[in-house]
Amino acid sequence: MTTPRTLGTDQTRARLQDLIVIDVRAPAEYATGHLPGALNVPLDRLRHALPELRHAADRGDLLLVCASGNRSANACRTLAEQGIAAATLTGGTTAWAAAGHDLHQPAATATGSARTRARWSMERQVRCTAGVLVLLGLLLGVLVHPAFEILAAGVAGGLVLSALTDTCGMALLLARLPHNRPRSADLATTLAALRRR
């Protein structure tokens, strides 16, 4: 498997106007803040968007972005398998914000509504879910039957595997929840914008 091309935050900022930025995070994560001009194509919808991404890549350089750079690197490899060249932002939106660059929010979520405040990054969702499952397994193990402690051990094992493989099965499952999925109208708008590039 080839290593995707990477761009640092300074390189990206210097070229931002010339790049077609695709944020591959879940819509709820994208809404918490994204690179200026970034379009949201969640990782699990990437294959659906291949024709539009190929069209956009023929007209400019693609930069794929996520929170840390892991999902966008996976997305780059997926595109490379289809003959579509793309780069990834080293460190993702976390590095972008740490370098002092602005993150934009969609106009509908910039109002500070309760719905906006309720949106969590995928990392935060994974930490919360893992913690709840571990506590539930331990509690059920004490109150019902010790075999329920296997749930806590399973989550711990999954977290270790996640760290060793630099993937996260729980994040993939959580990305399928309704609040993390794009509305079809939002994805259709994004794909139309890519076709116009």
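Analysis parameters
Residues numbered from 1 in each chain as written. Predicted model: local features only at pLDDT ≥ 70, side-chain atom pairs only at ≥ 80, totals over all residues. Heavy atoms only, no water. Helix = DSSP H or I, 4+ residues; strand = E, 2+ residues; numbered from the N terminus. Contact = heavy atoms within 4.5 Å. Buried < 20%, exposed > 50% of the residue type's maximum accessible area, 1.4 Å probe, protein only. Expected span 1.5 Å × (residues − 1). Pairing = 2+ DSSP bridges. Right-handed = clockwise from strand over helix to strand, strands pointing away.

Asker: Please provide a residue-by-residue account of the environment of leucine 138, values included.
Answerer: Topologically, leucine 138 is positioned in helix H7 (residues 122-143). C-alpha of leucine 138 to C-alpha of isoleucine 150: the two residues are twelve residues apart in sequence and 8.6 Å apart in space. The residues contacting leucine 138, other than those within four sequence positions of it, are Glu149 and Ala152.

Asker: Could you give me a rundown of the side chain of histidine 101, with the residues and numbers involved?
Answerer: Among the secondary structure elements, histidine 101 is positioned in the loop between helix H5 (92-98) and helix H6 (114-117). Judged by relative accessible area, histidine 101 falls into the buried class, the value being 11%.

Asker: Account for helix H8 (residues 149-165), naming residues and giving values.
Answerer: Compared with the 24 Å implied by 1.5 Å per residue over 17 residues, the 24 Å span of H8 between its first and last C-alpha is a close match. Close packing links the buried residues of H8 with H7. Positive backbone phi, at 60 degrees, marks aspartate 166, one or two positions downstream of H8.

Asker: Please provide a residue-by-residue account of the pairing of strand S4 (residues 61-65), values included.
Answerer: Among the five residues of S4, four are classified as buried, and the element is accordingly described as predominantly covered. Pairing analysis gives five bridges linking strand S2 (residues 19-23) to S4, with the strands arranged parallel. Bridged to isoleucine 20 within S4 is leucine 62. Of the crossover connections in this fold, the one passing from S4 over helix H4 (residues 70-81) to the parallel strand S5 (residues 87-89) is right-handed.

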